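# Structural features, examined
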Amino acid sequence: MHLLGMARLAFLSLATTAALGFAVLVANGGLSGSAATASAAAQEPKTVTVLVGGGQDTVDLLSFFPRKVRIHVGDTITWKQNSDAAHTVSLHGAFPGPGGANLFFDPGTTVPGANLPVPGRPGVTQLNPLQVYPFPGPEVLDSVYSGGQFVSSGRFVGTPPTPGLDRDVFEFSLTFDTPGTYEYLCLTHVGTMFGTVEVVGATSDVPTAADIEVEGQAQIAALTNLTEREKAQRDNSRSEPGPAGNTTWYVMAGNHFFQLGDLRATLLEFLPRDVTVTAGDTIVWGSTGFHSVTFNPAPPPPPLNLLETLPDGTQAIINNPLAYDPVKPSAVYDPTKLFNSGNLAQAQPNGTAWTLAFETPGVFEYYCAVHREAGMVGTITVLPR
Amino acid sequence: MHLLGMARLAFLSLGTTAALGLAVLAANGGLGSSATTASAQAQEPRDLIVLAGAGQDTVMVTAFFPQSIRIRAGDTLTWRNESDQDHVVGFAQGSTPPGPTTSNVQGAPGERIPSANVPVPGRPGITMSNPARGFPNVESGATYSGNTFVSSGRLQKDLDWAGVPVPDSFSLTFDTPGTYPYLCLVHPENMSGTVEVVAPSAADVPSQAEIDAVAQAEMGLLLARVEPGRAAQSASAQNEPGPNNSQFWYVRAGNSEQGAVEARVQLMEFLPRDVTITAGDTVIWRALSLHTATFVPSPPSPAFFLPEAQPEGPPWMVRNNLIVERAKPAGVFNPAQYFNSGPLNPPGATSTAWGLTFDTPGTFEYICGVHQELGMKGTITVLPR
């Protein structure tokens, strides 16, 4: 410990020396602005674009494109929304309030938790404002970042309007004034979607804005290819004998793996979409993502979130229990009633599987309450026995 | 954090200047007792230990300890597996692994690692563990310079396969400064580490004692999550009404904490382990990783791997189709027959869930065919209706 501490201390003390050396070096190399010495010339600050997410409709590419960028001190990155999904760009650092664990940083580091309790209403949760709104405030959307603190774009789409901001957020620009490596992630897709910004001195080689765009597009193309192949492979249901001569059917809500563990692109679909069963059969839905299986006899579906003013005057984004809580009013499906698996995500008490038996012949449409607008719907056709 | 990063970066960009600065500072400040150690000369190469995984019996921690390590060019790292599970140290950056591959979720898009399983030549429908993953492609003690594929092969204590002893450690010497990400090829989704190699003359590297201290701290954080995770998910089985006054019972095969640091702590257990139901009820197993629910009417239980020695090269680790393939000989459980879910949630799974209905009263023990040797088993007690 003490040796490392000492070495680090030596290094920190050295920072000044190094910076000084750096300045001398740059001066020698030609800070003058003359184009003659291309190697060490200070560059004009530039702006590069990083795309946030990708895919349309039921294809959801969960990455930043490109995932890693290397820029000069003084350059600006503009992140631009590139899909229908609600993403954030959130740079790692200390934050107020409760946290959840974070896969991409050292063990023990956290990111703002997804949900918070609602005072006085047991069982009801609200979205953590840190996950939803720009942090520390709307002014961050076009600001300078020096490292060390948590800053976040807020959700680009799919959220109530940010208080104090009279426009939708589709862009987030940060100018980096300090060399270093900065990890960031999407708070809506913690555990899946992350990126890196490496900020280097003006004499180091960095790609041009055009290079970065090409790299991002290549990564989008690679993931899109994976998606297409996945769709082709997943359109088969599986059945097994069940009790009393009936059949048990298995359907996936969303995909899990693209290939081994590649979680950076997901299909917002039921796989297969349409299943035909016989009266008496049972369907088992499996899921590892934030999906639901919802049969709703009276559309439109309940909203996912309700904007409410709490008794203490704060505004809360309530997770609508009607959309999120499991509902099974009878053991066998009844087309006149609402049936809802609730959140099938992995960490949920009811997560990853849900079961429903069918007796009434007919064609019954259902949807995922989270991704219905993206087109995540399916049908169960029940034939008479 | 970023200040240190800056110092490091300054060092990397500056090379000689910083090293010189450090030498001056060290000489002035007295980093060592002798003046010679303070000069910018190569230090003695060192042998350092990193732990691959942790946990005994049904607890598996998928992480390297420490997760990141900084060493000098010329140093040798030895990964040692002291846990009860198998791990493989793999370097994939900038390389093309031999044979069939899959995408590396922790690498850059497009980066590949060996796929988990490959067909057994000449035996349709039979697969084996990919030898490119399970067996070393370079000798332990080799030198790594970046941009080549390296597999340590399976590291596990107290094991041999078809007479071939399985090592529990693997060493590489690093001769080229740079940053080298690596991962466990058996747990490519959530087990990774980084080796940062700095100049042979660098003073800013931790000692083995410091490395151990970081490793123990990281391990402590993860192991502290075992008991809360177990308690949260094993308290009681979830149940829901099913047809004909029966119940659906949900059991987890393995824990479900995911998408975060917790994903590095896995319980090879059925949660809850023991479930009591009534004749006519159905149990739904759900899993987020490679597990089975397997009822064996008469011992011994089939092994997951059937090793076959080969005249040349490593033995074939043939995957036993009794474990790999689903077996549901009847719609209702029959204690005299073999029932098997097959791997729940393997790559390409069409479901993360499996259902089985019970009519015969009694207590029935079952196992996970993949993790039976670790003690992953459970019971279903069926009461008369």
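Residues numbered from 1 in each chain as written. Chains lettered and ligands numbered in written order. Predicted model: local features only at pLDDT ≥ 70, side-chain atom pairs only at ≥ 80, totals over all residues.

Scanning chain A from N- to C-terminus turns up 4 helices and 27 strands. Expressed as a percentage of its 385 residues, the buried residues of chain A come to 44%. In chain A, of all internal contacts separated by at least 6 residues, the share reaching a separation of at least 24 is 66%. (Helix = DSSP H or I, 4+ residues; strand = E, 2+ residues; numbered from the N terminus. Buried ≥ 20, exposed ≤ 12 C-beta atoms within 10 Å, placed from the backbone. Contact = placed C-beta atoms within 7 Å.)

Take the confidence of the model for chain A next. Interpretation of this model should avoid reading the predicted coordinates in detail wherever pLDDT is low. Residue and element names in this part refer to chain A. In the predicted model, chain A carries a mean pLDDT of 80, and the fraction of residues at 70 or more is 78%. Looking over chain A, one finds the lowest element-wise mean pLDDT in helix H1 (residues 2–30), namely 34, and the highest in strand S27 (residues 377–383), namely 97. Predicted confidence is poor over residues 1–40, with pLDDT under 50, and the contacts of this stretch with residues over four places away or in other chains come to 63 contacts. Scored below 50 in pLDDT, residues 258–262 shows 18 contacts in the model against residues more than four places distant or in partner chains. (pLDDT = per-residue confidence, 0-100.)

Here the focus is helix H4 (residues 208–223) of chain B. All names here are of chain B. With 16 residues, H4 should cover 22 Å at 1.5 Å per step; its first-to-last C-alpha distance of 22 Å lies within 8% of that length. Buried residues of H4: Ile211, Ala215, Glu218 and Leu222, and no others. Taken end-on, H4 shows its buried residues confined to a sector of 70°, consistent with a single buried face. On the buried face of H4, the contacting elements are strand S1 (47–54), strand S2 (59–65), strand S3 (68–72) and strand S19 (265–267). (Expected span 1.5 Å × (residues − 1). Arc of directions from axis to C-beta.)

Cis geometry is found at the peptide bond from Leu271 of chain B to Pro272 of chain B, where omega equals -5°. With respect to the helices and strands, Pro272 of chain B occurs in the loop between strand S20 (270–271) and strand S21 (274–278). Look at the link from Pro299 of chain B to Pro300 of chain B: it is a cis peptide, with omega at 5°. Note on placement: Pro300 of chain B falls in the loop between strand S23 (294–295) and strand S24 (305–308). Even without being glycine, Asp57 of chain A reaches a positive phi, approximately 55°. Looking at where Asp57 of chain A falls in the secondary structure, it is placed in the loop between strand S1 (47–54) and strand S2 (59–65).

The strands that make up a sheet are held in pairs by hydrogen bonds between backbone atoms, and each pair lies either parallel or antiparallel. Residues and elements named next belong to chain A. Taken together, the 5 strands give an open sheet; going across it, the order is S3-S14-S13-S5-S11, and neighbouring strands pair in mixed fashion. Each edge of the sheet is formed by a strand with only one pairing partner; in this case those strands are strand S3 (68–72) and strand S11 (151–152). Sheet topology note: the strand S5 (residues 90–91)/strand S13 (residues 180–185) ladder contains 2 bridges and is antiparallel. The partner of Ser90 across the bridge, within S13, is Leu185. (Pairing = 2+ DSSP bridges.)

All names here are of chain A. For chain A, the assigned domains read domain 1 (40–227) and domain 2 (234–383). Counting from both sides, the interface comprises 22 residues of domain 1 and, opposite them, 21 residues of domain 2. Those elements that place two or more of their residues in the side of domain 1 that touches domain 2 are S2, strand S9 (125–127) and helix H3 (209–233). In terms of residues, the side of domain 1 that touches domain 2 owes the most to one element, S2, which gives 5 residues. Looking at side-chain class alone, the side of domain 1 that touches domain 2 contains 12 nonpolar, 7 polar and 3 charged residues. (Domains from an automatic or database assignment. Nonpolar A, V, L, I, M, F, W, Y, C, P; charged D, E, K, R; others polar.)

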